[in-house]
Amino acid sequence: MHILIIGAAGMVGAKLTSRLVKDGSLAGKPIDALTLVDVIQPAAPAASGIKVATEAADLSTLGTAERIAATRPDVIFHLAAIVSGEAEADFDKGYRINLDGTRLLFEAVREEGLKSPYRPRLVFTSSIAVFGAPFPEVIGDEYFTTPLTSYGTQKAIGELLLADFSRRGFFDGIGLRLPTICIRPGKPNKAASGFFSNILREPLSGHEAVLPVGEEVRHWHASPRSALGFLIKAAVMDLAQLGARRSLSMPGLSATVGEEIAALRRIAGEKAVSLIRREPDPVIARIVAGWPQAFDASRATALGFRAERSFDEIIRAHIDDELGGRIGG
């Protein structure tokens with residue numbers, strides 16, 4: 001089996017790479033080749049029996065998607081995207097990367113299949129940003145997508161393209177509307193949602209973090225550990241169960257910022273909480289106000305997708321996976 005990860009240099013892409021190399025197989029089939037692509041050169045995993053190729057490439061550049069698709073991977077994980085805050089700040093870049101790059105990839109796979117039979121599994125990471133206010137307190141699987149950000153709009157268009165290309169038989173696609181992934185390891189990025197992770201990750205390591213919104217803000221979360229589980233399951237499950245509706249809202253945890261902080265206090269104590277500095281940011285507050293707060297992800301859970309049920313679980317997963325089980329810097 002040949003697997004392609006686009007967006008392999010990002011946090012989720014790097015974790016997915018490590019997981020696939022560790023497992024050595026997918027759906028019971030040995031992985032013999034792994035291609036890692038991102039706009040910056042992805043790090044090659046430690047030596048294994050898998051042939052690994054890494055490349056710095058931009059899908060929106062003419063000819064890039066065609067060249068990558070010509071290698072005919074069996075499974076394509078399309079994780080690459082400009083994050084929400086940056087897509088809002090740079091309109092042209094957001095549409096070029098998040099929409100044009102996606103469309104060119106889908107079209108390149110279609111064109112490859114026109115030469116000779118080829119229908120890969122394609123896992124596309126969408127976002128809960130495809131939904132926009134006003135919405136109900138809990139969003140069910142039947143609710144319509146009306147994004148209020150450029151990022152959400154780009155992801156919603158990607159979902160429509162994914163469904164149509166799958167309907168036409170060009171690939172076997174599934175879209176995963178990921179919750180905000182928390183706690184993200186590493187340094188803060190330009191995502192508007194980044195503070196959800198920052199106010200936990202930084203204090204857990206003994207560093208100060210900025211909170212730009214009020215503690216009453218509620219949002220939908222899942223850990224990096226859960227995100228990996230979503231991706232692996234999407235790559236191996238029978239997609240006939242989805243019918244024509246190829247995108248799923250993933251399960252997660254609905255919690256307020258105050259509930260996050262309370263979980264931090266229970267696990268790391270008042271000293272960690274004291275490292276959170278309140279600094280209101282009206283731009284971030286406006287963006288976040290247009291995001292959904294809770295989901296009834298019955299479709300996904302019925303298919304076997306699972307996520308955490310408390311922020312204590314999310315924090316402990318981060319401590320175990322990223323801090324070696326220890327708190328403090």
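The written sequence of each chain sets the order in which its residues are numbered from 1. Given that this is a predicted model, residues contribute local features only at a pLDDT of at least 70 and side-chain atom pairs are listed and counted only at 80 or more, while totals for whole chains, interfaces and linings are drawn from all residues. Water and hydrogen atoms were dropped before computing side-chain values, which therefore reflect all heavy atoms in the structure.

What follows is about the environment of A70. Helix and strand assignments come from DSSP, with helices taken as H or I runs of at least 4 residues and strands as E runs of at least 2, each series counted from the N terminus. Structurally, A70 can be placed in the loop between helix 2 (64–69) and strand 6 (75–78). Accessibility here uses a 1.4 Å probe with only protein chains present; expressed as a share of the type maximum, an area under 20% marks a residue as buried, one over 50% as exposed, and anything in between as partly exposed. The exposure class of A70 is partly exposed, given its relative accessible area of 43%. Spatially, the C-alpha atoms of A70 and P280 are 48 Å apart, while their sequence positions differ by 210 residues.

Looking now at the nonpolar core. Judged by nonpolar contacts, the single largest core of 38 residues is most densely connected at I3, I5, L20, F77 and L176. Of all elements in the fold, only strand 1 (2–6), helix 1 (11–23), strand 4 (33–38), strand 6, strand 8 (172–178) and helix 7 (224–236) reach the threshold of two or more residues within this core. Among the elements that take part in this core, helix 7 stands out by supplying 7 residues, more than any other. For our purposes a nonpolar core is just a set of buried Ala, Val, Leu, Ile, Met, Phe, Trp, Tyr and Cys residues, chained together by side-chain atoms within 4.5 Å.

Turning our attention to the pairing of strand 1. The element strand 1 is extensively covered by neighbouring structure, given that 5 of its 5 residues are classed as buried. What you see with strand 1 is no split at all: H2, L4 and I6 on one side and I3 and I5 on the other are buried throughout. In this scheme, strands are said to pair when DSSP sees at least two bridges between them. Here 5 bridges tie strand 1 to strand 4, and the two strands are oriented parallel to one another. Looking at the pairing, I5 lines up with L36 of strand 4. Here strand 1 runs beside strand 6; their pairing, made up of 4 bridges, is parallel. Paired with L4 across the two strands is I76, which belongs to strand 6.

With that settled, consider the sheet that holds strand 13 (residues 253–256). Spatially, 9-11-13 is the arrangement adopted by the 3 strands of the open sheet, whose pairing is mixed. Looking along the sheet, the strands with just one partner apiece sit at the ends: strand 9 (180–181) and strand 13. Pairing of strand 9 with strand 11 (residues 218–222) involves 2 bridges; the strand directions are parallel. Note that in strand 11 the partner of I181 across the bridge is A222. We call two residues contacting when some pair of their heavy atoms lies within 4.5 Å. Note on definitions: angles span 0 to 180 degrees between N-to-C directions of axes, and those axes are lines fitted to C-alpha atoms, for helices only across the stretch in contact. Across the sheet, helix 8 (residues 257–268) lies against strand 11 and strand 13, angled at about 90 degrees from strand 13, the strand it touches most.

Below, the discussion takes up the pattern of salt bridges. Any carboxyl oxygen of Asp or Glu within 4 Å of a side-chain nitrogen of Lys or Arg constitutes a salt bridge here. Enumeration over the complete set of coordinates arrives at 22 salt bridges. R225 is the salt-bridge partner of D321, the closest N and O atoms lying 2.8 Å from each other. Residue D321 is found in helix 12 (residues 311–322), and its partner R225 is found in helix 7; the two are separated by 96 residues along the sequence. Close ionic contact of R277 with E279 constitutes a salt bridge, the shortest N to O distance being 2.2 Å. The network of salt bridges with common partners includes R119, R121, D172 and R246.

Take unusual backbone geometry next. For the bond from A133 to P134, the omega torsion is 0 degrees, close enough to zero to count as cis. Along the polypeptide, P134 turns up in the loop between strand 7 (121–127) and helix 5 (150–167). Here the phi dihedral of A27 falls at roughly 55 degrees; this positive angle occurs in a residue that is not glycine. Mapping A27 onto the fold places it in the loop between strand 2 (25–26) and strand 3 (29–30). Note on A27: relative accessible area 52%, which makes it exposed. Of note, the phi angle at R72 is positive, near 55 degrees, even though the residue is not glycine. The exposure class of R72 is partly exposed, given its relative accessible area of 24%.

In short, the description is geometric, and any link to function would need to be established separately.
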